Amino acid sequence: MKLGIVGLPNVGKSTLFNAITNAGAESANYPFCTIDPNVGMVAVPDARLDQLSEMYRPKKTTPAVIEFVDIAGLVKGASRGEGLGNKFLGNIRATDAIVHVVRCFDDDNVIHVEGATDPIRDIDTIDLELVMADLEMVERRIDKAKKAAKGDKKFLQEAADFEGLRAWLNDGKSARSYPEVDIAAEYPDCELLSLKPVIYAANLDEEGFADPQSVGYYQQVEERAGEQGAQVIPVCAKLEAEIAELEGEEKAMFLEDLGVAESGLDRLVKASYTLLGLISYLTSGEDECRAWTITRGTKAPQAAGKIHSDFERGFIRAEVIAYDDLMTAGSMAAAKEKGLIRSEGKEYVVKDGDIILMHDIHTESVDAAVELIPKLIDAGFQLVTVSEMAAAKGIVLENGKSYTDF
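Here the structure is a predicted model, which is why all the values come from computation and not from measurement.

(A) Quick look at the overall build of the chain. Each helix and strand in the chain was counted, giving 17 helices and 12 strands. Looking at the chain residue by residue over its 406 residues, the buried ones come to 43%. Within the chain, counting contacts between residues at least 6 apart in sequence, those at least 24 apart form 67% of the total. Per element, the accessible surface of the chain, about 21,300 Å² overall, is 50% carbon and sulfur.

Encoded structure:
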């Protein structure tokens, strides 16, 4: 899953991306300093995983991750190729959702491409460019459907649906707000830019970040987000860049001094994860505690496949305990004594925060063999390895080859 960070030049987009990923995207006070899209894999903050690591003290802790792409600043006319438009509209198309950074502060030292701060104008500028690019795709879709309808009348409905959408887009409205047809559900192959879900990152100065509701610019963005059913997260890119350099207690103290429980970036990453319909299940042990990313609604075998494809193919059952139940019990042993660990089958839908031990055919077979070997020896059987049997027959075993003659 991939999120594209977009915004007009000099709204703090690359500064924000740098803070999220520490990827070092060049940040400069002039347009188009991000010439190629920068990509960063970002850890998803998860207090549950932190707590499991405290409990197990594993050799390794691996968080869930989400991919962010810093897409160069768009300008008015991008859909017609202005600035770096065509190239970067294509980069947005390759993402699953959009984080739209909107400038919500005044600063004479930071040039605004339009000359002055106006968050609603900036939102409309980006939205319109996405809509204009979508209109070209919709026109092509209508033509294709009409041609196909000559051989199969079912395509007439598709043509009608997209003709209705075309009229909607011509009014400057996004595809995701089109009320007549759920385009994303009916036509999942349709990669319209304005169909992508969006989060607004309202970039404030330090004073505004301390009290976003007191900032008129922020209130405007919040109202627009409400109209679209979107979410707005207050951030201060400059401040977040400083926070990103801190760790542990030092970071906690800095946030406490600011009067916030978590950074704007942590909230943004979590909101982005949720926006994509993603959840995490957890595995724990002395070797590793890990959060695994799955789509909400995923069943146990497919969730097991995230660990290894063999687990999905040979899935038998999963031992499951809710995170809160484990924390209440205090340990896995105590949870088992209290009957809090459930055995779930192939139809089980994994929930966010489930702690799971997967069982597959291979695991069950090995466990059974380990248990059986001492009993066979006690019964007087002599155990011979496959290698010893092959050597007795003069066969040299090769990796990846099947043998059936001994």
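(B) A look at the pattern of salt bridges. Within this structure, the stated rule accounts for 20 salt bridges. Measuring nitrogen to oxygen at the nearest pair gives 2.6 Å for the salt bridge that ties arginine 224 to aspartate 124. With arginine 224 in helix H8 (residues 216–228) and aspartate 124 in helix H4 (residues 119–149), this pair connects stretches of sequence that are 100 residues apart. In this structure, glutamate 158 and arginine 141 form a salt bridge, with 2.7 Å as the shortest nitrogen-oxygen distance. You can see glutamate 158 sitting in helix H5 (residues 155–170) and its partner arginine 141 sitting in helix H4, a full 17 residues away along the chain. With relative accessibility at 15%, the residue arginine 141 sits in the buried group. In this structure, a network of salt bridges that share partners links the residues Asp46, Arg48 and Asp352.

(C) Molecular detail of the sheet that holds strand E5 (residues 97–103). With mixed pairing, 6 strands are arranged side by side in an open sheet as E2-E4-E1-E5-E6-E7. At either margin of the open sheet sits one strand with a lone partner, and together these are strand E2 (38–43) and strand E7 (231–235). Along the sheet, successive strands turn relative to each other by an average axial angle of 25°, direction set aside. Taken together, the 4 bridges between strand E1 (residues 2–6) and E5 define a ladder with parallel strand orientation. Bridged to glycine 4 within E5 is isoleucine 98. Taken strand by strand, H4 contacts E1, E5 and strand E6 (198–203), and its axis lies near 145° from that of E5. Sheet strands in contact with helix H11 (residues 264–275) are E1, E2, strand E4 (65–70), E5, E6 and E7, and its direction is about 160° off that of E7.

(D) Seen up close, the confidence of the model for the chain. In the predicted model, the chain carries a mean pLDDT of 84, and the fraction of residues at 70 or more is 88%. Taken together, the stretch residues 23–35 has pLDDT below 50 and engages in 34 contacts with residues farther than four places along the chain or on a different chain.

(E) Focus on the pairing of E4. Among the 6 residues in E4, 5 count as buried, and that is most of the element. Relative to E4, E1 runs parallel, the two being bridged by 4 bridges. Paired with glycine 4 across the bridge in E4 is valine 69.

(F) Region of interest: the packing of aromatic side chains. One pass over the structure, following the stated rule, counts 2 aromatic pairs. The interplanar angle of 55° and the centroid separation of 5.0 Å between the aromatic rings of phenylalanine 162 and tyrosine 187 together place this pair among those described as tilted. Placement of the pair is phenylalanine 162 in helix H5 and tyrosine 187 in the loop between helix H6 (183–186) and E6, with a sequence separation of 25 residues. In this structure, lysine 173 is placed above the aromatic ring of tryptophan 168, and the distance from its NZ or CZ to the ring centre is 4.2 Å. Here the basic side chain of arginine 290 rests over the ring of tryptophan 292, its NZ or CZ set 3.9 Å away from the ring centre.

(G) Expanded view of the pairing of E7. The buried fraction of E7 is high, at 4 of 5 residues. In the sheet, E6 pairs with E7 via 5 bridges, with the strands oriented parallel. Residue pairing for E7: alanine 202 is matched across the bridge by proline 234.

(H) Expanded view of H5. The end-to-end C-alpha separation of H5 is 22 Å, in line with the 22 Å expected for 16 residues at 1.5 Å each. Close packing links the buried residues of H5 with H4 and H6.

(I) Looking closely at a negative patch on the surface. Taken together, the side chains of Asp106, Asp107, Asp108, Asp205, Glu206, Glu207 and Glu242 make up a negatively charged region of the molecular surface. Considering the arrangement of structural elements, one finds aspartate 107 in the loop between E5 and H4. For aspartate 107, a relative accessible area of 32% translates into the label partly exposed.

(J) A look at the nonpolar core. Grouped together as the largest cluster of nonpolar side chains are 66 residues, with contacts concentrated most on Leu16, Ile20, Ile66, Phe68, Ile92, Tyr200 and Leu268. Residues in contact with phenylalanine 68, not counting those within four places in the same chain, are Leu3, Ile5, Phe17, Ile20, Asn38, Val39, Gly40, Val42, Val99, Val269 and Ser272. Trp168, Tyr178, Tyr187 and Leu192 belong to the second largest nonpolar core, which has 16 residues in total.

(K) Quick look at the environment of valine 110. Relative to the assigned elements, valine 110 resides in the loop between E5 and H4. For the pair valine 110 and glycine 12, spaced 98 residues apart in the sequence, the C-alpha separation amounts to 9.6 Å.

(L) Broad picture of the packing of H4 against H5. Running from N to C, H4 and H5 point in directions that differ by 160°, and their axes come no closer than 8 Å. Classified by the angle their axes make, H4 and H5 are roughly antiparallel. When the axes of H4 and H5 are compared, the crossing they make is left-handed. Touching Val131, Asp134, Leu135, Val138, Glu139, Arg141, Ile142, Ala145, Lys146, Ala148 and Ala149 of H4 are Phe155, Leu156, Glu158, Ala159, Phe162, Glu163, Leu165, Arg166, Leu169 and Asn170, all from H5. Residue classes in the contact of H4 with H5 are distributed as 13 nonpolar, 1 polar and 7 charged.

Cut-off values and rules
Residues numbered from 1 in each chain as written. Predicted model: local features only at pLDDT ≥ 70, side-chain atom pairs only at ≥ 80, totals over all residues. Heavy atoms only, no water. Helix = DSSP H or I, 4+ residues; strand = E, 2+ residues; numbered from the N terminus. Buried < 20%, exposed > 50% of the residue type's maximum accessible area, 1.4 Å probe, protein only. Contact = heavy atoms within 4.5 Å. Areas by Shrake-Rupley, 256 points an atom, 1.4 Å probe, with all protein chains shown as cover. Salt bridge = Lys/Arg side-chain N within 4 Å of Asp/Glu carboxyl O. Pairing = 2+ DSSP bridges. Axes fitted to C-alpha atoms, helices over the stretch in contact; angles between N-to-C directions. pLDDT = per-residue confidence, 0-100. Phe/Tyr/Trp six-rings, centres within 6.5 Å; stacked < 30°, edge-to-face > 60°. Lys NZ or Arg CZ within 6 Å of the ring centre and 35° of its normal. Expected span 1.5 Å × (residues − 1). Patch = residues over 30% accessible without salt bridge, like charges linked within 9 Å, V, L, I, M, F, W, Y side chains within 5 Å. Lys, Arg positive; Asp, Glu negative; His and termini not counted. Charge placed at Lys NZ, Arg CZ, Asp CG, Glu CD. Core = buried A, V, L, I, M, F, W, Y, C linked by side-chain atoms within 4.5 Å. Parallel < 35°, antiparallel > 145°, perpendicular 65-115°, else oblique. Left-handed = near helix turned anticlockwise from the far one by under 90°. Nonpolar A, V, L, I, M, F, W, Y, C, P; charged D, E, K, R; others polar.

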